[in-house]
Amino acid sequence: MEFRASDTPRLDWSGDGLAIGFFEDTVELTGDLADLDQKFSGVLQELIAETEFKGKLNTNAATRIGSNSPVRKLILVGLGKAEELELNTLRLAAAAIARLAKKEKCKSLGISLPVWQNNPDATTGAIVEGVELALYQDHRFKSESEDKVLLLEQVDLIGLAGQEAAIDRAKKITSGVKLARELVAAPANAVTPITLAETAENLAKEYGLNVEILEKEDCEKLGMGAFLGVAQASDLPPKFIHLTYKPVGTPRKKLAIIGKGLTFDSGGLNIKGAGSGIEMMKIDMGGAAATFGAAKAIAQLKPDVEVHFISAATENMISGRAIHPGDVLKASNGKTIEVNNTDAEGRLTLADALVFADKLGVDAIVDLATLTGACVVALGDDIAGLWSLDDNVANQLLAAAQTTGEKIWRMPMEEKYFDGLKSIVADMKNTGPRAGGSITAALFLKQFVKETPWAHLDVAGPVWTEKESGYNNAGATGYGVRTLVNWVLS
Ligand code: BES
Ligand code: MN
Ligand code: ZN
């Protein structure tokens, strides 16, 4: 699929599908729209009347134009009130248009949407993202499929002439989102700690990143007892993955991104029971997926920022070698942890990853983790929780997410709740009471960061969706990649 920044006015555009955005209650056919209606023998006016199309948000209409017309299908999308237009509205409109164009078997598509806040650059990016992400399909695990070939070949962005660079940028970003989706959607017998490390190595090879894979013995030498405790029951070797992007010249800043990389979470001996969603626990590397998706995008975008991409990858399994509930582990900063629940394993792997990142001398660390069901209870499936003691980093992340449609809500770091993690035998337990479970998880992580400004994102909800919605299809969403990219570039 090729995008073109088109200088053809919509009145003169010809092709399979022409899509036009309308603001609410301003569905008047004046100016070039009157000419367009005339050119289409009144079909535009007819479509608006017949469908009672008013330009309301999340509404659309489509029809066929007569066979002699230079445009075969006409698509209208509602954008809501003009003064309330958000960038993500355009991304969602583009997604809706792309889905209609696919349904209508269009090979070529012209998209005419308004420019958001006099910013053709951001507008172009949002439209390309909406189309690319909505039309993404993953047939890797199907033997055959109905719609393997996508008919849509050509997408013209009408009114966005000269925006080639923005198109290029958006395609680099969506390539990262797609990688994250592929990694999350793949089952645990396809994405393992070994293949996750290979993915990182392939990214390094293809885009010129540095890669370092710490094997079990290397992690032992660093004293990563928390990470290795989680890994010890698995038949697969743990892999501590460290990818680095370094710009040419002196970096403007240095950042670290850490992703929870549990390629499967059985719960360990505190095994997840029936109805717990254990069969979904391939998604427990959603943080790592976002991290490597961001790496793929950043490596192509080449900002003047040094970025470390880290994941302590393993499975949480059961076997005769499994940690017992109640075992005490020692993390690489020397702190001891009583594992009162083996299903709170993500924070154990993150503990050693945070200690590692803290020693890199970066300006800020962000971790993303499918960490707690409690965060999903608090914020639902669409919103990630954000914890940070550093208002700067917290606000940077909120700002980075602002226009992406990736929702983040800041949560409290209620220090008092750390009482719930007090242990009689060790420095702390890994699990507190049920109430406030996502907060105690964040407080636990905080024990492993000394000086570096740090933020934690609990992404247990938004990395997966059961239903198609907007630019997401049912399945993995690739959540986090676009926010991370914006954060790095900011
Ligand atoms: N990977 C899970 C959290 C999770 C839940 C991710 C739902 C995605 C969807 C995590 O390792 C876990 O098991 N957390 C426990 C913590 C508890 C034992 C303190 C939980 O949330 O129940
Ligand atoms: Mn768990
Ligand atoms: Zn987990």
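Residues numbered from 1 in each chain as written. Chains lettered and ligands numbered in written order. Predicted model: local features only at pLDDT ≥ 70, side-chain atom pairs only at ≥ 80, totals over all residues. Heavy atoms only, no water.

If you check an unreviewed UniProt entry, the chain appears there as Probable cytosol aminopeptidase from Floridaenema fluviatile BLCC-F154. Entered under Subcellular location (unreviewed entry) in the UniProt record, the comment concerning the chain runs "Cytoplasm". In its Function (unreviewed entry) section, the UniProt record describing the chain reads: "Presumably involved in the processing and regular turnover of intracellular proteins. Catalyzes the removal of unsubstituted N-terminal amino acids from various peptides." (UniProt positions renumbered as here; feature names shortened; annotations may be inferred.)

A. The environment of F53, seen in detail. Mapping F53 onto the fold places it in the loop between α2 (43-50) and β3 (60-64). With relative accessibility at 6%, the residue F53 sits in the buried group. Taking the C-alpha atoms as reference points, F53 and D25, separated by 28 residues in sequence, lie 9.1 Å from one another. The residues touching F53, leaving out its near neighbours within four places in the chain, are F22, V27, I48, T59, N60, A61, L76, V77 and G78. (Helix = DSSP H or I, 4+ residues; strand = E, 2+ residues; numbered from the N terminus. Buried < 20%, exposed > 50% of the residue type's maximum accessible area, 1.4 Å probe, protein only. Contact = heavy atoms within 4.5 Å.)

B. Examining the packing of helix α10 (residues 346-358) against helix α13 (residues 437-446) more closely. In contact at an axis separation of 9 Å, α10 and α13 are set at 30° when each is read in the N-to-C sense. As the angle between them shows, α10 and α13 are arranged roughly parallel. Crossing geometry of α10 relative to α13 is assigned as right-handed. Contacts between α10 and α13 pair R347, L348, L350, A351 and L354 from the former with G437, A441, F444 and L445 from the latter. Classifying every residue of the contact of α10 with α13 by side-chain character gives seven nonpolar, one polar and one charged. (Axes fitted to C-alpha atoms, helices over the stretch in contact; angles between N-to-C directions. Parallel < 35°, antiparallel > 145°, perpendicular 65-115°, else oblique. Left-handed = near helix turned anticlockwise from the far one by under 90°. Nonpolar A, V, L, I, M, F, W, Y, C, P; charged D, E, K, R; others polar.)

C. Main features of the coordination of the zinc ion (ligand 3). Taken together, K260 (NZ), D265 (OD), D284 (OD) and E345 (OE) make up the protein donors of the zinc ion (ligand 3), found 2.0 to 2.4 Å from the metal. Taken in chain order, the donor set of the zinc ion (ligand 3) reads K-x4-D-x18-D-x60-E. The two metals, the zinc ion (ligand 3) and the manganese ion (ligand 2), are separated by 3.2 Å and share D265 as a common coordinating residue. In this pair, K260 is assigned in the loop between β9 (253-259) and β10 (261-265) and D284 in the loop between β10 and α9 (286-301), connecting sequence segments 24 residues apart. Each member of the pair, K260 as well as D284, carries the same accessibility label: buried. (Donors = N, O, S within 2.8 Å, 3.2 Å for Na, K, Ca; no water.)

D. Spatial organisation of the site of ligand 1. Lining the immediate surroundings of ligand 1 are 16 residues, of which K272, D284, D343, E345 and G373 lie closest. Measuring from a nitrogen atom of ligand 1, one finds a backbone N or O atom of T370 at 3.4 Å. G373 is positioned with one of its backbone polar atoms (N or O) 2.7 Å from an oxygen atom of ligand 1. Isolated, ligand 1 exposes 510 Å² of accessible area, and the fraction of that covered by the protein chains is 77%. Of the residues that constitute the shell around ligand 1, the class distribution is four nonpolar, five polar and seven charged. (Near = heavy atom within 4 Å. Polar contact = N/O pair within 3.5 Å; in protein donor to acceptor, adjacent residues only side chain to side chain. Areas by Shrake-Rupley, 256 points an atom, 1.4 Å probe, with all protein chains shown as cover.)

E. Quick peek at a nonpolar patch on the surface. A cluster of nonpolar residues, L269, I271 and I318, forms a patch on the protein surface that exposes about 260 Å² of accessible area. Position of I271 among the secondary structure elements: in the loop between β10 and α9. On the accessibility criterion, I271 (47% relative accessible area) is partly exposed. (Patch = residues over 30% accessible without salt bridge, like charges linked within 9 Å, V, L, I, M, F, W, Y side chains within 5 Å. Salt bridge = Lys/Arg side-chain N within 4 Å of Asp/Glu carboxyl O.)

F. Molecular detail of the UniProt feature "domain: Cytosol aminopeptidase" (unreviewed entry) in the chain. The positions UniProt marks with the feature "domain: Cytosol aminopeptidase" (unreviewed entry) are residues 341-348. Helix makes up 38% of residues 341-348 and strand 0%. Its end C-alpha atoms lie 11 Å apart.

G. Representation of α9 within the structure. With 16 residues, α9 extends 22 Å from end C-alpha to end C-alpha; this agrees with the ideal 22 Å at 1.5 Å per step. In terms of residue burial, α9 counts as a mostly covered element, since 16 of its 16 residues are buried. K302 lies just past α9 and shows a positive phi near 50°. (Expected span 1.5 Å × (residues − 1).)

H. Seen up close, the packing of aromatic side chains. Scanning the entire structure with this criterion turns up four aromatic pairs. Centroid distance F227 to F240: 6.2 Å. Interplanar angle 65°. Geometry classified as edge-to-face. Of this pair, F227 sits in helix α8 (residues 225-231) while F240 sits in strand β8 (residues 239-245); the two residues are 13 residues apart in sequence, bridging distant segments of the chain. The class of F227 is buried, set by a relative accessible area of 0%. (Phe/Tyr/Trp six-rings, centres within 6.5 Å; stacked < 30°, edge-to-face > 60°.)

I. Local environment of the sheet that holds strand β1 (residues 2-6). Reading across the sheet, the six strands line up as β1-β6-β5-β2-β4-β3 and stay open at both edges, with mixed pairing between neighbours. Edge positions in the sheet fall to β1 and β3, since each has one partner strand and no second. When strand polarity is set aside, the average angle formed by the axes of neighbouring strands in this sheet is 20°. As defined by bridge partners, strand β5 (residues 108-112) adjoins strand β6 (residues 154-158) across four bridges and the pair is classed as parallel. Bridging across to β6, L109 finds its partner in V155. Those strands touched by helix α3 (residues 87-103) are β2 (15-22), β3, β4 (71-78) and β5, and its axis lies near 150° from that of β4. (Pairing = 2+ DSSP bridges.)

J. Examining the pattern of salt bridges more closely. All chains considered together, the criterion is met by 23 salt bridges. One salt bridge connects D343 with K272, and the closest N-O pair in it is separated by 2.9 Å. Placement of the pair is D343 in the loop between β13 (336-338) and α10 and K272 in the loop between β10 and α9, with a sequence separation of 71 residues. On the basis of relative accessible area, D343 is assigned to the partly exposed category, the value being 23%. A single network of salt bridges, built from pairs that share partners, joins R91, E129, E406 and R482.

K. Expanded view of empty space enclosed by the protein. Under the defined criterion, the tally for this structure stands at one cavity of 30 Å³ or more. Its boundaries defined by the atoms lining it, the largest cavity holds a volume of some 30 Å³. Lining the largest cavity we find G229, V230, A233, G268, L269, N316, M317, A322, I323 and T342. (1 Å grid on protein atoms, 1.4 Å probe; cavity = no way out; pocket = protein on both sides within 12 Å on 5 of 7 lines; lining within 4 Å. Points joined across faces, edges and corners; volume = space filled by probe spheres on them.)

L. Structural view of the domain arrangement of the chain. According to the domain assignment, the chain contains domain 1 (2-159) and domain 2 (173-489). Each of domain 1 and domain 2 has a C-alpha centre, and the two are 38 Å apart. For the domain 1 and domain 2 pair, buried surface summed over both sides reaches about 1500 Å², with 60% attributable to carbon and sulfur atoms. On the domain 1 side of the interface with domain 2, the three residues burying the most area are R99, L133 and Y136, jointly 43% of the side's total. We note a salt bridge from E132 to K178, for which the minimum N-O separation is 2.6 Å. Breaking the side of domain 1 that touches domain 2 down by element, the ones donating at least two residues are α3 and α4 (120-135). When residues in the side of domain 1 that touches domain 2 are grouped by element, the largest group, six residues, is from α3. A class-by-class count of the residues in the side of domain 1 that touches domain 2 yields eight nonpolar, two polar and six charged. (Domains from an automatic or database assignment. Buried area = accessible area lost by both parts, 1.4 Å probe.)

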